[in-house]
Amino acid sequence: MEAGERRQLRQEAAEYYRGLRVPERMEEVLNALFPLPPQDLYGELANYFSKFSKAPVICKLVGRKVIDGVGEPTLEVEIYCTVKNYEKRICSSVMATHSQIPENALPETIEADERERNESVYTAVEWVCDSLNTMLRGLDPTDQCQADKILGEYFEEKVEERKEIERQEKEMREEEESGKVTTSPASGHSGATPKQKKGRKSGKKVSEDTPIPPAEPAEPVLCGSLAIGGTSLAIARAGATISRVPLYLYTALLKHKETPKEITLPLPMVTVLYCEKNSPTKLKLVKEVMLIPPVELLLHQGIEIVLEIQKEITRKIESPGKTPASRAESRRGRGHKAQPGPLKRFSHLGCLITGYDSLEQLLLQLQAACNSLGLELGTDLYLAINCAAHELMDYDKGKYEILTGTFKSPDEMVAMYVEMIKNFPFITALIDPIRKEDREQWSSICRALGSKCFLIAEDAATQISKLKTDQNINIAMCSGVVLKYINQTTVSDLIELTGILDGQRHISILGSPDRESSDESLVDLAVGLGARFLKLGGLSRGERVAKYNRLLAIEEELAANGALRKPKLEFVDFAEEKPAQLPDVLPAPKKV
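None of these values were measured; they are calculated from a predicted model. (Residues numbered from 1 in each chain as written. Predicted model: local features only at pLDDT ≥ 70, side-chain atom pairs only at ≥ 80, totals over all residues. Heavy atoms only, no water.)

A. Just the overall build of the protein chain, in detail. From N to C terminus, the protein chain includes 16 helices and 19 strands. Counting every position in the protein chain, which comprises 592 residues, the buried fraction comes to 46%. Taking the intrachain contacts of the protein chain between residues at least 6 apart in sequence as the baseline, contacts between residues at least 24 apart amount to 72%. (Helix = DSSP H or I, 4+ residues; strand = E, 2+ residues; numbered from the N terminus. Buried < 20%, exposed > 50% of the residue type's maximum accessible area, 1.4 Å probe, protein only. Contact = heavy atoms within 4.5 Å.)

B. Expanded view of empty space enclosed by the protein. Applying the stated criterion across every chain yields a total of 2 cavities of 30 Å³ or more. When its volume is computed, the largest cavity comes out at roughly 110 Å³. As for the largest cavity, its lining consists of 13 residues, of which Val94, Ala96, Leu233, Tyr485 and Leu522 are closest to the centre. If you tally residues by element for the lining of the largest cavity, the top one is helix α15 (residues 521-529), at 3 residues. Residue composition of the lining of the largest cavity, grouped by class: 8 nonpolar, 2 polar and 3 charged. (1 Å grid on protein atoms, 1.4 Å probe; cavity = no way out; pocket = protein on both sides within 12 Å on 5 of 7 lines; lining within 4 Å. Points joined across faces, edges and corners; volume = space filled by probe spheres on them. Nonpolar A, V, L, I, M, F, W, Y, C, P; charged D, E, K, R; others polar.)

C. Layout of the sheet that holds strand β9 (residues 393-394). One open sheet holds the 3 strands; their spatial order is β9-β10-β11, and the pairing between them is antiparallel. Pairing within the sheet leaves two strands with one partner each, and these edge strands are β9 and β11 (406-408). Taken together, the 3 bridges between strand β10 (residues 399-403) and β11 define a ladder with antiparallel strand orientation. Among the inter-strand pairings, Glu401 is bridged to a residue of β11, identified as Phe407. Sheet strands in contact with helix α11 (residues 410-423) are β10 and β11, and its direction is about 100° off that of β11. (Pairing = 2+ DSSP bridges. Axes fitted to C-alpha atoms, helices over the stretch in contact; angles between N-to-C directions.)

D. Structural detail: unusual backbone geometry. Of note in this structure, Lys84 is not a glycine but carries a positive phi near 55°. On the secondary structure map, Lys84 appears in the loop between β2 (73-83) and β3 (86-94). Relative accessible area serves as the criterion here: at 44%, Lys84 is assigned to the partly exposed category. At Arg244, a position not held by glycine, the phi torsion is positive, near 60°.

E. Region of the structure containing helix α4 (residues 107-135). Helix length check: α4 (29 residues) gives 40 Å between terminal C-alpha atoms against 42 Å at 1.5 Å per residue, within 8%. Where α4 bends most, the angle comes to about 35°, and this point is Val128. Within α4, the full set of buried residues consists of Asp113, Arg117, Ser120, Val121, Thr123, Ala124, Val125, Trp127, Val128, Leu132 and Asn133. (Expected span 1.5 Å × (residues − 1). Bend = angle between axes of the 7 residues up to and from the residue.)

F. Layout of the pairing of strand β5 (residues 267-275). Of all 9 residues in β5, 9 are buried; the element is thus mostly enclosed. Summarising the sheet, β5 and strand β18 (residues 533-537) pair through 4 bridges and their orientation is parallel. Each bridged residue has a counterpart across the sheet, and for Pro268 the counterpart in β18 is Leu534. Examined bridge by bridge, β5 and strand β6 (residues 288-292) share 4 bridges and lie antiparallel to one another. If you follow Thr271 over to β6, its bridge partner there is Met290. Alignment of β5 against strand β7 (residues 352-354), held across 3 bridges, turns out to be parallel. Each bridged residue has a counterpart across the sheet, and for Cys275 the counterpart in β7 is Thr354.

G. The arrangement of the nonpolar core in detail. Ranked by size, the top nonpolar core spans 140 residues in total, and within it Leu285, Tyr417, Ile427 and Leu430 carry the most contacts. Top element by residues in this core is helix α7 (residues 226-243). It accounts for 9 residues. Aside from chain neighbours lying at most four places away, what touches Ile427 is Leu363, Leu383, Ile385, Met420, Ile421, Lys452 and Cys453. (Core = buried A, V, L, I, M, F, W, Y, C linked by side-chain atoms within 4.5 Å.)

H. Quick peek at the packing of aromatic side chains. Under the definition given, this model contains 7 aromatic pairs. Both rings, one in Tyr16 and one in Tyr17, keep their centres 5.2 Å apart while their planes meet at 65°; by these two values the pair is edge-to-face. Ring plane angle 80° and centroid distance 5.4 Å describe the contact between Phe454 and Phe533, whose orientation is recorded as edge-to-face. Of this pair, Phe454 sits in strand β13 (residues 454-457) while Phe533 sits in strand β18, placing them 79 residues apart in sequence. Summarising the burial analysis for this pair, Phe454 and Phe533 share the class buried. The structure contains a cluster of three or more aromatic residues connected by ring pairs, namely Tyr48, Phe49 and Phe52. Here the guanidinium or amino end of Arg25 rests over the ring plane of Phe52, the centre of that ring lying 3.9 Å away. Seen from the ring of Tyr80, Lys60 lies directly overhead, with NZ or CZ sitting 4.5 Å from the centre. (Phe/Tyr/Trp six-rings, centres within 6.5 Å; stacked < 30°, edge-to-face > 60°. Lys NZ or Arg CZ within 6 Å of the ring centre and 35° of its normal.)

I. Structural detail: the sheet that holds β3. Spatial strand order, β1-β2-β3: 3 strands in an open sheet with antiparallel pairing. Edge positions in the open sheet fall to β1 (57-67) and β3, since each of these has one partner strand only. Sheet twist, expressed as the average angle between the axes of neighbouring strands with direction ignored, equals 25°. Note that β1 and β2 share 10 bridges and pair antiparallel. Paired with Leu61 across the two strands is Ile79, which belongs to β2. Running at roughly 165° to β1, α4 makes contact with β1 and β2 of the sheet. Its contacts with the sheet put α7 on β1, β2 and β3, and the angle it makes with β3 is roughly 125°.

J. The arrangement of the environment of Phe533 in detail. Take Phe533: its relative accessible area is 0%, and that puts it in the buried class. Note: C-alpha distance between Phe533 and Met269 (264 residues apart in sequence) is 6.7 Å. With near-sequence residues (within four places) excluded, Phe533 lies in contact with Pro266, Leu267, Met269, Ile292, Phe454, Ile507, Ser508, Ile509, Leu510 and Leu569.

K. Seen up close, the side chain of Glu76. Looking at where Glu76 falls in the secondary structure, it is placed in strand β2. Of note is the side chain of Glu76, whose polar atom sits 3.1 Å from the side chain of Ser92. Residues contacting Glu76, with those up to four places away along its chain left out, are Val62, Gly63, Arg64, Val66, Arg89, Ser92, Ser93 and Val94. (Polar contact = N/O pair within 3.5 Å; in protein donor to acceptor, adjacent residues only side chain to side chain.)

Structural data, given as structure tokens:
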């Protein structure tokens, strides 16, 4: 290179660096660092100049099939960003899945569900690695709103594609059926007899049966929809990582547009007993029994109390029959035969599986376990019951089967719950006490018990996509709703929906799906969104305990920063016409 060319090159380089203010900033930082010579000079220089680097952008999405907490396939989404000219893995998220298959489903139904789940995960991986990878490349990961908008539009395109395929398939079936009818004259004659027969039966049935609202069809789940929720959550985690704040603070910032000075943690509803509906015992009314720690205690103190109660319940259930059988078997040298029993002790929800013949039997056992530890239900901790009423309805009789052979109409169910809360006032929450279709009875029970107990809709609430209708909640009257982060749900959906719930006297409860993963993001979302309760299951199984540990870690961090605000349990009096009146508040517990 000739001297003139070198001179020209140096001049261009000087202009380039001056244009970016490199000499000016270099002189500034060197002058600032010289009086206090740092041990790592180049580290300080890197920190200083990193402030002027370009913001990271998404450069790659990776989707893969992984195994969840119950051994079923699910989706993991990884986010890679271009950071200071290099590709860097930022984070990943694993989606939990939710099954709508009841306990007593036929084997072929379960097998079909497994096939659909495998196909859905496979499709979701394709969406992430192909279309979404291309569409989101170059996007700022802190722009959650734009990311979720892209994801929502893509999902709507897929829904329309599916509808078009179904329309074409329907037309083909109709053409085939019409062809069969024209070629077979006997088919028209044979169809008339069953039609007349059906008409006579239906006329008789209308006069005899009590009309009840039919069950709403299950919300169809689009194959591959996991990709939408998984990608939205992964981008939220990436945004928090790049912003160097915890996900719960990042979520609160997205919702409120500013970082709150104080945060109230959601109270955990800890499942201690799981009552199978198809067990040989008589009680059908109760599916989950949950304990709620008092608001006056820190969460780690409340969790410790619940753990002790869980151990005490386990001892009381196992001690009557387990020890004699074990001794008898050991005397015969066949002690190994006693082992199969405990294999089914804990459910996928991380709690003990059991059954009872009556509600009183269940509650007396819980009271006895608490009394053994010097605790009192209704004072030192509270009870919540998941009734799962949609699983109780006998549609032939038009009634709920609350005990084996004992049936009640929807109106009788309301009267039963009123009597239950009168006799057992320590029950502070009922989840799904009635089907979502019985809206009139939801209104009745809320007016009767709303000032004494939380009436919460879980399965009685529809999918998040159906909950939002013109800024109103498309559900029956209730105290609150259990929201689950599944399928095509996005972080923006949760932010919008919890905002609507906040303004309409509803409480938000974030719930863990049946098939949970080890991803702890649900806890951060619940804290950041200001959920009143957090329904995570029991204190067993690693994927569930990990979430409780995350909740305790957040509590410790907020307490250390002086940003922890104590929660309040306030009921809503639905019968009260004056909204300005303060709601009832739970009594303070005794000191333990």
